[in-house]
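Letter by letter, the chains look like this.
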Amino acid sequence: MLDKDQQLVGTLSDGDVRRAILRGFSLDGPASEVMNASPITAHTTSLPAEQLKLMRRNVLHHLPLIDDQRKVVGLVTLDGIAAFWSARTGSYSWPAGWASVCVR
């Protein structure tokens, strides 16, 4: 979720919505009441390996990529990292210990 200056102020996942519904939150209510106001992000200068570590450590499937002004410039996904790895190595085989991030 972005503010009027296009800066990241939060994220809203399907899990956030499901948890809100279980707490009795109406789908007619403002998304800002159920969004994650402190999302985990990666900077545009971060390397794919660092992004994957962040995603694995925090059990994320998507990671907002932001610039110095906290503007979202992209969204890192597990599929995107797999494609990057495949293009770089010619293989979809993950380094030892990384495979579990795709099987959660």
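Structure first, text after, so check above.
In short, a report on the structure. (Residues numbered from 1 in each chain as written. Predicted model: local features only at pLDDT ≥ 70, side-chain atom pairs only at ≥ 80, totals over all residues. Heavy atoms only, no water.)

**What about the layout of surface pockets?**
Now for step 1: Quantified by volume, the largest pocket comes out at close to 400 Å³.
Now for step 2: For the lining of the largest pocket, the elements supplying multiple residues, two or more each, are helix 1 (14-22) and strand 2 (62-66).
Now for step 3: Within the lining of the largest pocket, the residues separate by chemical class into seven nonpolar, six polar and two charged. (1 Å grid on protein atoms, 1.4 Å probe; cavity = no way out; pocket = protein on both sides within 12 Å on 5 of 7 lines; lining within 4 Å. Points joined across faces, edges and corners; volume = space filled by probe spheres on them. Helix = DSSP H or I, 4+ residues; strand = E, 2+ residues; numbered from the N terminus. Nonpolar A, V, L, I, M, F, W, Y, C, P; charged D, E, K, R; others polar.)

**Some points on the sheet that holds strand 3 (residues 72-77)**
Now for step 1: Strand order in the open sheet made by the three strands is 1-2-3, with mixed pairing throughout. Where the open sheet ends on each side, the last strands, each with one partner, are strand 1 (42-43) and strand 3.
Now for step 2: The pairing of strand 2 with strand 3 spans five bridges and is classified as antiparallel. Bridging across to strand 3, P64 finds its partner in L75.
Now for step 3: The sheet strands contacting helix 2 (residues 48-57) are strand 1, strand 2 and strand 3, and the helix crosses strand 2 at an angle near 135 degrees. (Pairing = 2+ DSSP bridges. Contact = heavy atoms within 4.5 Å. Axes fitted to C-alpha atoms, helices over the stretch in contact; angles between N-to-C directions.)

**Focus on the side chain of Q51**
Now for step 1: If you trace the backbone, Q51 turns up in helix 2.
Now for step 2: Once residues within four sequence positions are removed from consideration, Q51 is found in contact with A42, S46, L63, L65, V76 and I81.

**What about the environment of I81?**
Now for step 1: If you trace the backbone, I81 turns up in helix 3 (residues 78-89).
Now for step 2: Assessed through its relative accessible area of 6%, I81 is described here as buried.
Now for step 3: Taking the C-alpha atoms as reference points, I81 and P48, separated by 33 residues in sequence, lie 6.6 Å from one another. (Buried < 20%, exposed > 50% of the residue type's maximum accessible area, 1.4 Å probe, protein only.)

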